[in-house]
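As a plain string of letters, each chain reads:
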Amino acid sequence: MTDTIYRRPQDYELEHRGDDDDVAFYGQLVERFEPRRILELACGSGRLTAPIAERRPDAPLEVVGVELSESMLALAHQRVGEASELVRQRVSLHKGDMRTWSSDRLFDLVIIGCSSITHLLRLEDRLQVWRNARRLLSPGGRLVIDVTMADIRTFSASLDRYDEMPSHLAEKVVAEHKKDTADAASH
Ligand SMILES: C[S@@+](CC[C@H](N)C(=O)[O-])C[C@H]1O[C@@H](n2cnc3c(N)ncnc32)[C@H](O)[C@@H]1O
């Protein structure tokens, strides 16, 4: 499923241009908890990974990003390759699934940003991630995730605007919504 959604990483970048609240939030976590090793699961295009790696420039810090989609990972490699020398030295990127990716090294901070966990629709898959994160954390380490909560008022307002859309577009939106709902229910 993620291959379809993320096959155009530049569109993802466009969608998230100017979204820097979460970048600041995770940056502040680095300042506050002073981790030496950070793991970002589902790191995508490195939107959070690279700026996090700029933090605490005088302290030892390694940042590992793990991502399932090859196209998103390719953009993350490009982003890190074009970043400062500090970021290039600190960041390593790996293709992997957050449910199963393993390492023989442990992390002080594991993050899963930007609602990435919601790609996993089954409880068992999410439990696998929590167990995996637990295995990858050093004693006293922290797992931090963020998930956007549905805003029912926005959703309702968007439904009210169907009549402003050209009818073929409104039909397409409704059909896609029905298909998504059916797909989610069959998992
Ligand atoms: C909303 S994007 C977030 C990317 C990045 N963390 C950010 O904040 O911009 C979700 C990412 O999760 C990745 N993803 C989905 N399922 C995954 C899995 N099982 N393991 C690793 N990555 C996954 C997708 O390919 C996508 O890049």
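Everything below is about the structure shown above.
### Brief notes about the overall build of the chain
Okay, so step 1: Per the secondary structure count, the chain includes nine helices and five strands.
Okay, so step 2: In sequence order, the secondary structure elements of the chain are arranged as α-α-α-β-α-β-α-α-β-β-α-β-α-α.
Okay, so step 3: Counting only residues that meet the buried cut, the chain has 28% of its 187 residues in that class.
Okay, so step 4: Contacts in the chain between residues at least 24 apart in sequence constitute 79% of all its contacts with a sequence separation of at least 6.

### Re the sheet that holds strand β4 (residues 107-112)
Okay, so step 1: Taken together, the five strands give an open sheet; going across it, the order is β3-β2-β1-β4-β5, and neighbouring strands pair in parallel fashion. Two strands bound the open sheet, and with one partner strand each, they are β3 (91-95) and β5 (137-145). On average, each strand axis in the sheet is tilted by 20° relative to the strand beside it, whichever way the strands run.
Okay, so step 2: Sheet analysis places β4 next to β5, joined by five bridges and oriented parallel. Across the sheet, residue F107 finds its bridge partner in β5, namely L137.
Okay, so step 3: Strand contacts of helix α5 (residues 70-81): β2 (62-67) and β3, with the helix running at about 165° to β3, the strand carrying the most contacts.

### As for α5
Okay, so step 1: In a regular helix each residue adds 1.5 Å, so twelve residues correspond to 16 Å; α5 covers 16 Å between its end C-alpha atoms and thus fits that length.
Okay, so step 2: When α5 is considered as a whole, its buried residues turn out to be M72, L73, L75, A76, R79 and V80. Down the axis of α5, the sector holding all buried residues measures 160°, keeping them to one side.
Okay, so step 3: The inward-facing, buried residues of α5 abut α2 (9-15), α4 (49-52), β2, α6 (85-90) and β3.

### A look at the site of the ligand
Okay, so step 1: Neighbouring residues of the ligand: 19 residues in total, closest A42, G44, L68, S69 and C114.
Okay, so step 2: Its residues assigned to classes, the shell around the ligand shows eight nonpolar, seven polar and four charged.

### Description of unusual backbone geometry
The phi angle of most residues is negative, glycine excepted, and most peptide bonds adopt the trans form.
Okay, so step 1: Its identity is not glycine, yet C114 carries a phi of approximately 55°, on the positive side.
Okay, so step 2: Relative to the elements of secondary structure, C114 occurs in the loop between β4 and α7 (123-136).
Okay, so step 3: Taking the number of C-beta atoms within 10 Å as the measure of exposure, C114 has 21 and is therefore buried.
Okay, so step 4: Positive phi outside glycine occurs at S115, with the angle close to 60°.
Okay, so step 5: Mapped onto the elements, S115 comes out in the loop between β4 and α7.
Okay, so step 6: Since 14 C-beta atoms lie within 10 Å of it, S115 is described here as partly exposed.

### Some thoughts on the nonpolar core
Okay, so step 1: One finds L39 and V110 to be the most contacted residues of the largest nonpolar core, which totals 34 residues.
Okay, so step 2: Looking at this core, the elements with two or more residues in it are α3 (21-33), β1 (37-41), α4, β2, α5, β3, β4 and α7.

### A look at α7
Side chains that are three or four residues apart share a direction in an α-helix, a result of its 3.6 residues per turn.
Okay, so step 1: Between its first and last C-alpha atoms α7 spans 20 Å; for 14 residues at 1.5 Å apiece the expected length is 20 Å, and the two agree.
Okay, so step 2: Listed in full, the buried residues belonging to α7 are V129, A133 and L136. Taken around the axis of α7, the buried residues stretch over an arc of 65°, which confines them to a single face. Pointing more than 90 degrees away from the buried face of α7 are the exposed residues L123, E124, L127, R131, R134 and R135.
Okay, so step 3: Residues of α7 that are buried sit in contact with β1, β4 and β5.

About the cut-offs
- Residues numbered from 1 in each chain as written.
- Predicted model: local features only at pLDDT ≥ 70, side-chain atom pairs only at ≥ 80, totals over all residues.
- Helix = DSSP H or I, 4+ residues; strand = E, 2+ residues; numbered from the N terminus.
- Buried ≥ 20, exposed ≤ 12 C-beta atoms within 10 Å, placed from the backbone.
- Contact = placed C-beta atoms within 7 Å.
- Pairing = 2+ DSSP bridges.
- Axes fitted to C-alpha atoms, helices over the stretch in contact; angles between N-to-C directions.
- Expected span 1.5 Å × (residues − 1).
- Arc of directions from axis to C-beta.
- Near = placed C-beta within 6 Å.
- Nonpolar A, V, L, I, M, F, W, Y, C, P; charged D, E, K, R; others polar.
- Core = buried A, V, L, I, M, F, W, Y, C linked by C-beta atoms within 7 Å.

These values are about where atoms sit, not about what they do.
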